[in-house]
Amino acid sequence: MTMQKTFSIIKPDATRRNLTGKINATIEAAGLRIIAQKRVQLTQAQAEGFYAVHKERAFFNDLVSFMISGPVVVQVLEGNDAVAKYREVMGATNPENADAGTIRKEFAESIEANSVHGSDSLENAAIEIAYFFAQTEIVG
């Protein structure tokens, strides 16, 4: 096992319902440490930049609109095999297909409002972390 960092966003559907603490408890119970965290209101430009990889997809504008609809909590998580571990803890993108006990099974409202985002690779984790955090804000 390798100690890794990954990136997480607690999305507007979850912050609107005051689920940040419950989601954080699920993350920590899985053995991941939250080593940086802040609540932010994304601007349209920030959301478009973050999701630029999806710019040509039909859902891009709806995704950006959703992500700026309320505050989000951006986080850096650390742990053994953190990228894979957090993806397991999040559950399937579609909450109907997610395993019991996963964040999306327990808290998601729909496939779009699925409560959390997590990096899909170490490379993307590094890019996503740097998009929102200065190195000085990450305290292990």
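Calculation rules
- Residues numbered from 1 in each chain as written.
- Predicted model: local features only at pLDDT ≥ 70, side-chain atom pairs only at ≥ 80, totals over all residues.
- Heavy atoms only, no water.
- Helix = DSSP H or I, 4+ residues; strand = E, 2+ residues; numbered from the N terminus.
- Rg over C-alpha atoms; globule rule 2.2 N^0.38 Å.
- Contact = heavy atoms within 4.5 Å.
- Areas by Shrake-Rupley, 256 points an atom, 1.4 Å probe, with all protein chains shown as cover.
- Buried < 20%, exposed > 50% of the residue type's maximum accessible area, 1.4 Å probe, protein only.

**Student:** An account of the overall build of the protein chain is requested, with residue identities and associated values reported.
**Tutor:** A tally of helices and strands in the protein chain yields 7 helices and 4 strands. Order of helices (α) and strands (β) in the protein chain, N terminus to C terminus: β-α-α-β-α-α-β-α-α-β-α. Radius of gyration (C-alpha) of the protein chain: 14 Å, near the 14 Å computed for a compact globule of 140 residues. Taking the principal axes of the C-alpha coordinates as reference, the protein chain spans close to 40 × 35 × 25 Å. Put simply, of all contacts in the protein chain between residues at least 6 apart along the chain, 76% involve residues at least 24 apart. Taken as a whole, the protein chain presents about 7,300 Å² of accessible surface, with 50% of it coming from carbon and sulfur.

**Student:** Outline unusual backbone geometry, listing residues and values.
**Tutor:** At N18, a position not held by glycine, the phi torsion is positive, near 55 degrees. The phi dihedral of S115 falls on the positive side, at around 75 degrees, and the residue is not glycine. Relative to the assigned elements, S115 resides in the loop between α6 (103-107) and β4 (116-118). When its relative accessible area of 0% is taken as the criterion, S115 is described as buried.

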